[in-house]
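Here is what each chain is made of, one letter per residue.
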Amino acid sequence: MFGRDPWGGTLEISNADSATDDDRSRDLDRGAMMRHQLDETQQSWLLAGPGDQAGKKKKKYVDIGCMVIDRKIFMWTVGLILGVGLFVGFVMMIVKLVPHKKPPPPPPDQYTLALHKALMFFNAQRSGHLPKHNGVSWRGNSGMKDGLSDSTVKKSLVGGFYDAGDAIKFNYPMAWSMTMLSWTVIEYRAKYEAIGELDHVKEIIKWGTDYMLKTFNSSADTIDRIVAQVGVGDTSKGPMPNDHYCWMRPEDIDYKRPVIECHSCSDLAAEMAAALAAASIVFKDSKAYSDKLVHGAKALYKFGRLQRGRYSPNGSDQSLFYNSTSYWDEFVWGGAWMYFATGNTSYLTIATAPGMAKHAGAFWIGSPNYGVFTWDDKLPGSQVLLSRLRLFLSPGYPYEEILRTFHNQTDNVMCSYLPVFNSFNFTKGGLIQLNHGGPQPLQYVVNAAFLASLYADYLDTADTPGWYCGPNFYTTDVLRKFAKSQLDYILGKNPQKMSYVVGFGKKYPKRVHHRGASIPHNGVKYGCKGGFKWRESKKANPNILVGAMVAGPDKHDGFKDIRTNYNYTEPTLAANAGLVAALISLADIDTGRYSIDKNTIFSAVPPMFPTPPPPPSAWKP
């Protein structure tokens, strides 16, 4: 195809020539730019010359994402960081490897120090085949024929604890002592563990409960008898070898030790049930043993409820030394522990029955002995224990009325401990006279100190700052101040300036009324009368009965360190159990916010109220 050239010639039109004027214009511009760049390159060659261009290196960069930096600077920075890290790590390693002195922990308070010793007293009182780690060098195996030598029993009653300075095994105070120790472990387990005494105190409890399981048919559901004691102490019938007339080491005893059984003994049965029930909570992690204790406790409590009677009838050997005034308080005490151990509300129903509380003396506020917690009267302890239930679980109807009464009575008991209310006299030195000036006062004092300290812990844990005595409000610190004042007196802050716990402090009783401690452990066997010369000696005991709390001073703060006067110098199992309880409750050991274990005692108790039903499903149109 040909067109006409306006300049006089022909023009051929093809696909190559179909570009638009704009395209040709852009091509011309690119060509001009290339020529311009070439000119700059050529100029650089001319200015620099071939030699300079060869020696020049191109810079390298590192792209780290957020920025681009020179490679050399990057490498120097990384190296510097690694170097500083290695240096710091090296310094830290040197600091850790090089030995350095740590600040010493704060010294234990006096209650903790005394507690270690108080527990050792139980080791010295053990009967039977002693473990190698018993820790009392002058004690050995003893009572190895107990039970077997009695033709009417003919079963092994080896084990348990001797009660005091003699060698009698009284089951009534022994059971109460094990209940008390178990109660302290349930409440203050973390404290025991913190000071390294948990295994020790559990071993002491098990030594007692193992023996108690031997004193009745613990495998049966129904029983008809219990061993009340092994050995006798009545000397009113004239000179005859027994555990009070003879003065000899338990290891050397060669006279007969009768076994006393009871077939109608509600108080002893209910107290032993309480001991086994409380111990079952202590050993709840050992299910087989805990179940065995619960089974035995059920049989004992059932026997006590069916076969009514006191274990210490008038004229009996038991009535001379540990006479029981009634069994109603044991029904309340034992019923409470049975409920905590089993969760069975039938036991709580018994413990909170208004008639039971009335017979136990819960409303005898005017009684001179009201509020005095002892191995005989468990009511004050029962009321504190059941107040715990009301404070933390509040079971409501039908228990609320009597639980509120117990709670109010507990408040009244705490008020009676305060000097301002004149319920009890105090010595000039500050010791409360719970036994009204009678001998052997310390066993009552430590029990009161324990209840006061424990109740203060209950109130604190329940976020209750104190309690009312009439219109007057007192804080929990007042209770602790009372408890500490009594223990401080016992540990040396008294007119005699001496500790009444053997082995604690610089001055303590040296002539303790105790057969084993007063006779030398020298391989010589002293017979029934052969030990009299040691009993009458004015010299200090050759063996130190570490941790024993003696009977205590008189009402004038006076004390006579005389071996033959047991009203001053004899220790007992029950008294030391109260001492341990008071000491662990007041020991200054940091175990968290609360001093007590709030929930373990309720581990077998089912929920108080039914579980609420789940919410309804979502509504669908």
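Just so you know, these numbers come straight off a predicted model, no measurement behind them.

**Describing the overall build of the protein**
Part 1: In terms of regular secondary structure, the protein is built from 19 helices and 9 strands.
Part 2: Counting every position in the protein, which comprises 621 residues, the buried fraction comes to 51%.
Part 3: Summarising the internal contacts of the protein: among those between residues at least 6 apart in sequence, 72% fall at separations of at least 24.

**Remarks on the packing of aromatic side chains**
Part 1: On inspection of all chains with the given rule, the structure shows 32 aromatic pairs.
Part 2: Between phenylalanine 170 and phenylalanine 321, the ring centres sit 5.9 Å apart and the planes meet at 50°, which makes this aromatic pair tilted. Of this pair, phenylalanine 170 sits in strand 5 (residues 169-170) while phenylalanine 321 sits in helix 8 (residues 317-321), and the two are 151 residues apart along the sequence.
Part 3: The exposure class assigned to phenylalanine 170 is buried, which follows from its relative accessible area of 3%.
Part 4: Among the aromatic residues, those joined into a ring-pair cluster are Trp176, Trp183, Trp333, Trp337, Tyr339, Phe340, Phe373, Phe450 and Phe602.
Part 5: A cation sits over an aromatic face here: arginine 305 above phenylalanine 331, 5.0 Å from the ring centre.

**A few points about the nonpolar core**
Part 1: Counting residues in hydrophobic clusters, the biggest one holds 167 residues, and the most contacted among them are Trp183, Ile226, Trp337, Phe340 and Tyr417.
Part 2: Considering every element that reaches this core, the biggest residue donor is helix 14 (residues 442-461), with 14 residues.
Part 3: Those residues in contact with tryptophan 337 that lie beyond four places of it in its chain are Thr179, Trp183, Ile186, Ala274, Ala277, Ala278, Ile281, Leu385 and Ile601.
Part 4: Of all hydrophobic cores here, the second largest spans 5 residues; its members include Tyr245, Cys246, Tyr255 and Cys528.

**Details of the UniProt feature "active site" (unreviewed entry) in the protein**
Part 1: Sites flagged by UniProt as "active site" (unreviewed entry) map to His513, Asp561 and Glu570. These annotated residues cover 58 residues of sequence, and their C-alpha atoms all fall within 10.2 Å of one another, placing them together at a single site.
Part 2: Along the chain, histidine 513 turns up in the loop between helix 15 (476-490) and helix 16 (515-518).
Part 3: For histidine 513, a relative accessible area of 10% puts it in the buried group.
Part 4: If we skip the residues at most four places from it in the chain, histidine 513 touches Gly165, Trp247, Arg563, Thr564, Tyr566, Thr569, Glu570 and Pro571.

**As for the sheet that holds strand 7 (residues 259-262)**
Part 1: Reading across the sheet, the 3 strands line up as 5-6-7 and stay open at both edges, with antiparallel pairing between neighbours. Strands with a single pairing partner mark the edges of an open sheet, and in this sheet they are strand 5 and strand 7.

**A few points about the state of the cysteines**
Part 1: One pass over the structure, following the stated rule, counts 3 disulfides.
Part 2: The disulfide that involves cysteine 262 links it to cysteine 265, with 2.0 Å between the sulfurs. Between cysteine 262 and cysteine 265 the disulfide shows an S-S torsion of about 70°. By sign, it is right-handed.
Part 3: Exposure remark for cysteine 265: the relative accessible area of 0% places this residue in the buried category.

**Overview of unusual backbone geometry**
Part 1: Between tyrosine 397 and the following residue, proline 398, the backbone shows a cis peptide bond with an omega angle of 5°.
Part 2: Of note, proline 398 is situated in the loop between helix 12 (379-392) and helix 13 (400-416).
Part 3: With phi around 45°, serine 394 is a residue other than glycine that occupies positive phi space.
Part 4: Along the polypeptide, serine 394 turns up in the loop between helix 12 and helix 13.
Part 5: Phi angles above zero are rare outside glycine, and aspartate 557 is one such case at about 70°.
Part 6: By relative accessible area, which is 4% here, aspartate 557 ends up buried.

**A look at the pattern of salt bridges**
Part 1: Summed over all chains, the structure comprises 23 salt bridges.
Part 2: In this structure, glutamate 251 and arginine 139 form a salt bridge, with 2.6 Å as the shortest nitrogen-oxygen distance. One end of the pair, glutamate 251, is in the loop between strand 6 (226-230) and strand 7; the other, arginine 139, is in the loop between helix 3 (110-124) and strand 5, and 112 residues separate them in sequence.
Part 3: Each of Arg139, Arg249, Glu251 and Asp252 takes part in one network of salt bridges that share partners.

**Considering the confidence of the model for the protein**
Part 1: For the protein, the average pLDDT comes to 89, and 87% of its residues sit at 70 or higher.
Part 2: Low confidence marks residues 1-21, where pLDDT is under 50. Its contacts with residues over four positions away, or in another chain, come to 12 contacts.
Part 3: In this model, residues 23-38 is a region of pLDDT below 50 whose contacts with residues beyond four sequence positions or in other chains number 2 contacts.

**Regarding the packing of helix 5 (residues 198-214) against helix 6 (residues 266-282)**
Part 1: Contact pair helix 5 / helix 6: the axes reach a minimum separation of 10 Å and the direction vectors enclose 135°. Considering their axes alone, helix 5 and helix 6 lie oblique with respect to each other. Helix 5 and helix 6 meet at a crossing whose hand is left-handed. In this structure, helix 5 contributes Lys202, Ile205, Thr209, Met212 and Leu213 to the contact, and helix 6 contributes Met272, Ala275, Leu276, Ala279 and Val282.
Part 2: Looking at the contact of helix 5 with helix 6 residue by residue, the class counts come to 8 nonpolar, 1 polar and 1 charged.

**A few points about helix 5**
In an α-helix, one full turn covers 3.6 residues, which means residues spaced three or four apart are oriented alike.
Part 1: The end-to-end C-alpha distance of helix 5, which contains 17 residues, comes to 25 Å, matching closely the 24 Å that a straight helix rising 1.5 Å per residue would cover.
Part 2: Burial analysis of helix 5 places 12 of its 17 residues in the buried class, which makes it a mostly covered element.
Part 3: Along helix 5, the residues that are buried comprise Leu198, His200, Val201, Lys202, Ile204, Ile205, Trp207, Gly208, Thr209, Tyr211, Met212 and Leu213.
Part 4: On its buried face, helix 5 is in contact with helix 3, strand 5, helix 4 (171-194), strand 6, helix 6 and helix 7 (287-306).

**Brief notes about helix 4**
Part 1: Along helix 4, the helix axis deviates most sharply at tyrosine 188, where the bend reaches about 90°.
Part 2: Counting buried residues in helix 4 gives 20 out of 24 residues, a clear majority hidden from the surface.
Part 3: Of the residues flanking the end of helix 4, it is glycine 196, one or two places downstream, whose phi is positive at about 75°.

**Brief notes about the pairing of strand 8 (residues 466-469)**
Part 1: As judged from the 4 bridges shared by strand 8 and strand 9 (residues 472-475), these two strands associate in the antiparallel manner. By the bridge assignment, tyrosine 468 is partnered in strand 9 with phenylalanine 473.

**A closer look at a nonpolar patch on the surface**
Part 1: On the surface, a nonpolar cluster with roughly 980 Å² of combined accessible area is contributed by Leu80, Val84, Phe87, Val88, Phe90, Val91, Met92, Met93, Ile94 and Leu97.
Part 2: Of note, phenylalanine 87 is situated in helix 2 (residues 71-97).

**Describing the packing of helix 6 against helix 9 (residues 328-342)**
Part 1: Taken N-terminus to C-terminus, the directions of helix 6 and helix 9 make an angle of 25°; their axes are 8 Å apart at the nearest point. By the criterion of interaxial angle, the relationship of helix 6 to helix 9 is roughly parallel. For the crossing formed where helix 6 meets helix 9, the hand is left-handed. Taking contact as the criterion, the partners of Ser266, Asp267, Ala270, Glu271, Ala273, Ala274, Ala277, Ala278, Ser280 and Ile281 in helix 6 are, on helix 9, Glu330, Phe331, Trp333, Gly334, Trp337, Met338, Phe340 and Ala341.
Part 2: Partitioned by chemical class, the residues of the contact of helix 6 with helix 9 number 12 nonpolar, 3 polar and 3 charged.

Cut-off values and rules
Residues numbered from 1 in each chain as written. Predicted model: local features only at pLDDT ≥ 70, side-chain atom pairs only at ≥ 80, totals over all residues. Heavy atoms only, no water. Helix = DSSP H or I, 4+ residues; strand = E, 2+ residues; numbered from the N terminus. Buried < 20%, exposed > 50% of the residue type's maximum accessible area, 1.4 Å probe, protein only. Contact = heavy atoms within 4.5 Å. Phe/Tyr/Trp six-rings, centres within 6.5 Å; stacked < 30°, edge-to-face > 60°. Lys NZ or Arg CZ within 6 Å of the ring centre and 35° of its normal. Core = buried A, V, L, I, M, F, W, Y, C linked by side-chain atoms within 4.5 Å. UniProt positions renumbered as here; feature names shortened; annotations may be inferred. Pairing = 2+ DSSP bridges. Disulfide = S-S within 2.5 Å. Salt bridge = Lys/Arg side-chain N within 4 Å of Asp/Glu carboxyl O. pLDDT = per-residue confidence, 0-100. Axes fitted to C-alpha atoms, helices over the stretch in contact; angles between N-to-C directions. Parallel < 35°, antiparallel > 145°, perpendicular 65-115°, else oblique. Left-handed = near helix turned anticlockwise from the far one by under 90°. Nonpolar A, V, L, I, M, F, W, Y, C, P; charged D, E, K, R; others polar. Expected span 1.5 Å × (residues − 1). Bend = angle between axes of the 7 residues up to and from the residue. Patch = residues over 30% accessible without salt bridge, like charges linked within 9 Å, V, L, I, M, F, W, Y side chains within 5 Å. Areas by Shrake-Rupley, 256 points an atom, 1.4 Å probe, with all protein chains shown as cover.

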